[in-house]
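# Survey of secondary and tertiary structure
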Amino acid sequence: MCYVTFSEPPEKRGETERMANDLRLDDTDRRLLRTLQSDGRISNAELAERCNLSPSSCSDRVRRLREAGYIKSFAALLDPEKVGRGVLIFVEVVLDRTTPEVFDTFAAAARRSPDVLECHMVAGGFDYLIKARVADLPAWRTFLEEVLVRIPGVRETRTYAVLEEVKSTTQLPV
């Protein structure tokens, strides 16, 4: 996935947080967000037409939604098979200690790994849940042996190879 993020200078962060708190989504904002989620490459003119807005009003609303943090980025969703990442894996990770240093070390290693698509600290019977994409099972084994289990603090992993993706979406209900 290719992300383009809109970042802001530190001096404007408080302003954006205030705007996000002040911004109340109306039906038109929700329609804009739904449409952009399904087609992030839509032209402003087409988006305005679909949402019953003038092009300038549409552009202003999208800018406001971006600045308020409702729109984090725009992305191209790639076919994993075509880019050599056809195997989807989930991994439960158990750490040997739950200290801030161990959490930080693990999180930093997960962020550095191109195979890891998502990494979530969770509550329950394990500490982290990883979603990864690799070419094949031997590539997964290499990642597991050479990267994941060598991260300081990793005590145990449980791997689940996905046999069928029943549902996979990036669209949030708004």
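Above this text you will find the structure in question.
Right, let's walk through the structure included here. (Residues numbered from 1 in each chain as written. Predicted model: local features only at pLDDT ≥ 70, side-chain atom pairs only at ≥ 80, totals over all residues. Heavy atoms only, no water.)

With that out of the way, let us pick up the pattern of salt bridges. Tallying each qualifying case throughout the model produces 12 salt bridges. Aspartate 26 is paired through a salt bridge with arginine 61; the nearest N and O atoms lie 3.0 Å apart. Here the residue aspartate 26 occupies a position in the loop between helix H1 (10–22) and helix H2 (27–38), and arginine 61 occupies one in helix H4 (residues 55–67), the gap between them amounting to 35 residues. The exposure class of aspartate 26 is partly exposed, given its relative accessible area of 31%. Here arginine 50 ties to glutamate 46 by a salt bridge, and the two come within 3.0 Å at their closest N and O atoms. Pair noted here: arginine 50 and glutamate 46 are both in helix H3 (residues 44–50), with a separation of four residues, about one helical turn. One connected set of salt bridges, linked through shared partners, spans Asp26, Asp29, Arg61 and Arg64. (Salt bridge = Lys/Arg side-chain N within 4 Å of Asp/Glu carboxyl O. Helix = DSSP H or I, 4+ residues; strand = E, 2+ residues; numbered from the N terminus. Buried < 20%, exposed > 50% of the residue type's maximum accessible area, 1.4 Å probe, protein only.)

Attention now moves to the packing of aromatic side chains. Taken as a whole and judged by the stated rule, the model has three aromatic pairs. Ring centres of phenylalanine 103 and tyrosine 128 lie 6.2 Å apart, and the angle between their planes is 70°; on these two criteria the pair is classed as edge-to-face. Of the two residues, phenylalanine 103 sits in helix H5 (residues 100–112) while tyrosine 128 sits in strand E5 (residues 128–134), which places them 25 residues apart along the sequence. Like phenylalanine 103, the residue tyrosine 128 is buried in the burial classification. Each member of the aromatic cluster is reached from another via a ring pair, and the members are Phe103, Phe106 and Tyr128. (Phe/Tyr/Trp six-rings, centres within 6.5 Å; stacked < 30°, edge-to-face > 60°.)

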